[in-house]
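So the chains spell out like this:
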Amino acid sequence: MKHLLSIVLLASTLLPLSCSPPYAPDTREIYNSREPSDIDQVALAKKAWDILGNPSRKKEWPGALNQYNHAVFTLLERGRKLNEHSGDRIQAPSGAFAVETSALGNDRDYRTYEDVIPCSKIQTSFHLEERVTVEGLGIPLAGIVKRNKNAVKRQNESLKDSGNIHTLTAILDFDHPVNGKPAMRFIPRLLEDSVNVGSTQQALAADFSAPISLFWDREDISNAGILGAFRPKKAVNYMGLYFSEPYSPKKIPVLFTHGLMSSPATFANITNRLLADPVIRHNYQFWFFGYPSGIPWAKSAQAQRDALQYIFDEYGTPDRNSPINKMVMIGHSMGGLITRMNNSEHPWGMLEKLIKGMNNARSLTYDQVTARLEELLPSSQADLEHDKKLRESFIFNPPQQTSRIVFMATPHRGSRFADSWVGRIGQKLITLPEAILLEVVRTGTLSNNMLLLNPMKIEEELTSIRQLSPSSPFITGIQEIRPSDRIPVHSIIGDRGRNNTPNSSDGIVAYYSSHLDWAQSEKIVPAGHSVQECIPAALELRRILRLHLQDNNIPFTRQDFTAKPVLWQSNPPMKLPRTVTH
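First, a word on scope: everything that follows refers to the structure included in this document. Quantities reported herein were computed from a predicted structural model and do not represent experimental measurements.

Quick look at the pairing of strand S2 (residues 113-118) now. Most of S2 is tucked away, with 5 of its 6 residues classed as buried. Pairing analysis gives 5 bridges linking S2 to strand S4 (residues 139-145), with the strands arranged antiparallel. Pairing of Ile117 across the sheet is with Ala142, part of S4.

What follows is the structure, encoded as structure tokens:
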């Protein structure tokens, strides 16, 4: 009970420094019981379609658009019907229209989904600060993918397939009928921005925020941050990769890794803001790595490598121009240390500070450092499996797919917070999973000049909080390694709005710890440690991602290049309206 009370008090002290989920979409209802019949609604939609498809009737388009969307929404709501036997989620009882199943272009077969929900009707407990929408043709939907246990290799516990939420727009298409009837189509809005109507091209309506909100709500990881920090063995199931949209071989992956006392959902706001930019939507897909942050971050780094390797084995290609080989990795706080370790040349350089006899490890090749370690490790049969795990933790080649890195509030030189009274209490409250504890205890108590840890305090020494201390061998060790010069590196650092850099701090990490002399760019933003929550950080990340496209000779259309959504106007206000449209 005493420990439980301590956890509650500590959490209340630290929670203002972490992120809380933002604002959820409002509900608006445009259906009533006196609507015309299905046949009449289809006729109204057809009349509006003909006007929208005629360039000479452009002045009538606003009224026609409202009429069309109203009719489609009504038909869609009437057609949403759960049928446990057939699995159908959309039906047209009157036969007034057909539901597209053959899929045109990037369309999705509606039978893929457990349900398709109009974004205007979505209410979740997960909140976003802004709602990013686009006015246009059709009804924005969130398509909930059915949970398919056979969709991934279940033996790989690093992958999570909890049922993605697709960002869709439904239209009633009169130009591509099915069996002589207008077709209800479901268009992935992250892939398509417009649709041909008659002789014109009409922008598709969209709501990018409601599906994000629903996705994180369904993932149910709101408590993963605290639980993962102090009771990591109860949060091990959160470990793995999360995907908020279907994998696309045509888009560059952006992998976000969170920090201490946090979860992948900490990036919900920044990704929501990035989706307001069509250049980002068209060229990038967002991935997230989640892990219980109480375990040693070197172990989490290994789990990330394993999860990514599975993806690369599944979708990788030797073509260096392939989007998957232009991956951008973004790490916040402790997630930045994981990102740095996994993408550094000669990561075994960390062993110089961890193991006696590993002097000048950075100058050794992969084979040389393996041989050196074998000489130092005990040779008994009982230690073979443990030795293998130790080598896997530090002796590996970084992924060649990474081509840019962004560090956000990363304590490269540690944080004195770890040595404060709050940090010391946190170290004592963390309970490591038994399997991990046994492994690290073996490492820490080997007699052959191994890790320089106090065996009596080894559990405290190996908690993630302790490993953030400036004096931790893991922090001093990571100073010995860095990514290849071919990978551009950027830093986003908070100063709490005090404009006192280089003497600044984000409240947890001092500027001197976050600063890298070898970063291509450094942006100071008026924020605390949760820099990912502030709008200037989103603006900077947008700049970096566009720069990444330019550096890789990936063109964006003139329309995309000049697009200026409300969210991204110069000098945006710190508080935005709940609905952001463009």
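Now, onward.
The strand order across the open sheet built from 5 strands is S1-S6-S5-S4-S2, with neighbouring strands paired in mixed fashion. The sheet is open, and its two borders are formed by strand S1 (98-99) and S2, each paired with just one other strand. With 7 bridges connecting them, strand S5 (residues 165-178) and strand S6 (residues 181-188) associate as antiparallel partners. Bridge pairing in S6 links Ile171 to Arg185. Helix H2 (residues 38-52) rests against S5 and S6 of the sheet, and its axis sits at about 85° to S5.

Another aspect to go through is H2. With 15 residues, H2 extends 21 Å between its outermost C-alpha atoms, agreeing within 8% with the 21 Å of an ideal straight helix rising 1.5 Å per residue. Among the residues of H2, those classed as buried are Asp38, Gln41, Val42, Ala45, Ala48, Trp49, Ile51 and Leu52. Buried residues belonging to H2 abut helix H3 (61-79), S5, S6, strand S7 (194-197) and strand S8 (200-203).

Here we come to the pattern of salt bridges. Considering all chains together, one arrives at 16 salt bridges under this definition. The closest approach of N and O atoms between Asp38 and Arg78, which form a salt bridge, is 2.8 Å. Here Asp38, found in helix H2, pairs with Arg78, found in helix H3; they are 40 residues apart in sequence, far enough to count as distant. Taking the relative accessible area as the measure of exposure, Arg78 reaches 25% and is therefore partly exposed. Across the pair Asp193 and Arg189 runs a salt bridge whose closest N-O atoms are separated by 2.4 Å. Here the two residues Asp193 and Arg189 agree in accessibility, since each one is buried. One connected set of salt bridges, linked through shared partners, spans Glu129, Glu130 and Arg273.

About the cut-offs
Residues numbered from 1 in each chain as written. Predicted model: local features only at pLDDT ≥ 70, side-chain atom pairs only at ≥ 80, totals over all residues. Heavy atoms only, no water. Buried < 20%, exposed > 50% of the residue type's maximum accessible area, 1.4 Å probe, protein only. Helix = DSSP H or I, 4+ residues; strand = E, 2+ residues; numbered from the N terminus. Pairing = 2+ DSSP bridges. Contact = heavy atoms within 4.5 Å. Axes fitted to C-alpha atoms, helices over the stretch in contact; angles between N-to-C directions. Expected span 1.5 Å × (residues − 1). Salt bridge = Lys/Arg side-chain N within 4 Å of Asp/Glu carboxyl O.

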